[in-house]
Amino acid sequence: EQRMVFGQKAAAHLKRGKRVYLLDLTLANGGLPGILQSLDDEMGLENLWGYHAWNTTCNSLGSMLSHILSDMLAGKKNEAFLWERRDSNPRSQSS
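Residues numbered from 1 in each chain as written. Predicted model: local features only at pLDDT ≥ 70, side-chain atom pairs only at ≥ 80, totals over all residues. Heavy atoms only, no water.

> Looking at this model, I keep getting lost on the overall build of the protein. Mind explaining?
Within the protein, the regular secondary structure consists of 5 helices and 2 strands. From first element to last, N terminus to C terminus, the protein shows the α and β order α-β-α-β-α-α-α. Burial statistics for the protein: of 95 residues in total, 35% are counted as buried. Residue pairs in contact within the protein that sit at least 24 positions apart in sequence constitute 66% of those at least 6 positions apart. Summed over its atoms, the accessible surface of the protein is roughly 5600 Å², and 55% of this surface lies on carbon and sulfur atoms. (Helix = DSSP H or I, 4+ residues; strand = E, 2+ residues; numbered from the N terminus. Buried < 20%, exposed > 50% of the residue type's maximum accessible area, 1.4 Å probe, protein only. Contact = heavy atoms within 4.5 Å. Areas by Shrake-Rupley, 256 points an atom, 1.4 Å probe, with all protein chains shown as cover.)

Okay, here's the thing in structure tokens:
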């Protein structure tokens, strides 16, 4: 299944020391059902640096870019922003 392959690829990037962010533009006003579960299964959501899949493509992209820049400037993961984004998107939590 494609979601599992995606999770495996994300986990491989993580193992190489890369920060993993997910910008899910699959659906308007929500993310691909089950994608977070696939990531959790393959790499653990605690290792995800960013997740955006809400409202319009432009809003999601702009939010992701600002999230990445915020993390870079702070030198650490912005946990509050990450989980607020994920928890505000009920479609992303379904499988």
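Here the narrative resumes, following the displayed structure.
> Looking at this structure, how should I read the pairing of strand β1 (residues 20-23)?
A regular strand carries its side chains on alternate faces of the sheet. Pairing of β1 with strand β2 (residues 48-52), which is carried by 4 bridges, proceeds in the parallel orientation. Across the sheet, residue Y21 finds its bridge partner in β2, namely G50. What joins β1 to β2 is helix α2 (residues 35-43), and the crossover it makes is right-handed. (Pairing = 2+ DSSP bridges. Right-handed = clockwise from strand over helix to strand, strands pointing away.)

> Just to check I follow, could you spell out the layout of surface pockets for this structure?
Rolled over the atoms, a probe as big as a water molecule pinpoints where empty space is left. The computed volume of the largest pocket comes to approximately 150 Å³. Forming the boundary of the largest pocket are E1, Q2, R3, F6, L22, L23, D24, L32 and I35. Contributions of two or more residues to the lining of the largest pocket are made by α1 (2-15) and β1. Among the elements that take part in the lining of the largest pocket, α1 stands out by supplying 3 residues, more than any other. (1 Å grid on protein atoms, 1.4 Å probe; cavity = no way out; pocket = protein on both sides within 12 Å on 5 of 7 lines; lining within 4 Å. Points joined across faces, edges and corners; volume = space filled by probe spheres on them.)

> For this particular structure, what's the right way to read the side chain of D24?
Turning to its location among the elements, D24 is positioned in the loop between β1 and α2. In this structure, D24 is buried with no salt-bridge partner, the nearest side chain bearing the opposite charge being R3 at 8.6 Å. Polar contacts involving the side chain of D24 include one to the side chain of T26, which spans 2.6 Å. Within the structure, D24 has its side chain in polar contact with the backbone nitrogen of L32 (distance 2.5 Å). Not counting the four nearest positions on each side in its chain, D24 is found in contact with G31, L32, I35, H52 and A53. (Lys, Arg positive; Asp, Glu negative; His and termini not counted. Salt bridge = Lys/Arg side-chain N within 4 Å of Asp/Glu carboxyl O. Polar contact = N/O pair within 3.5 Å; in protein donor to acceptor, adjacent residues only side chain to side chain.)

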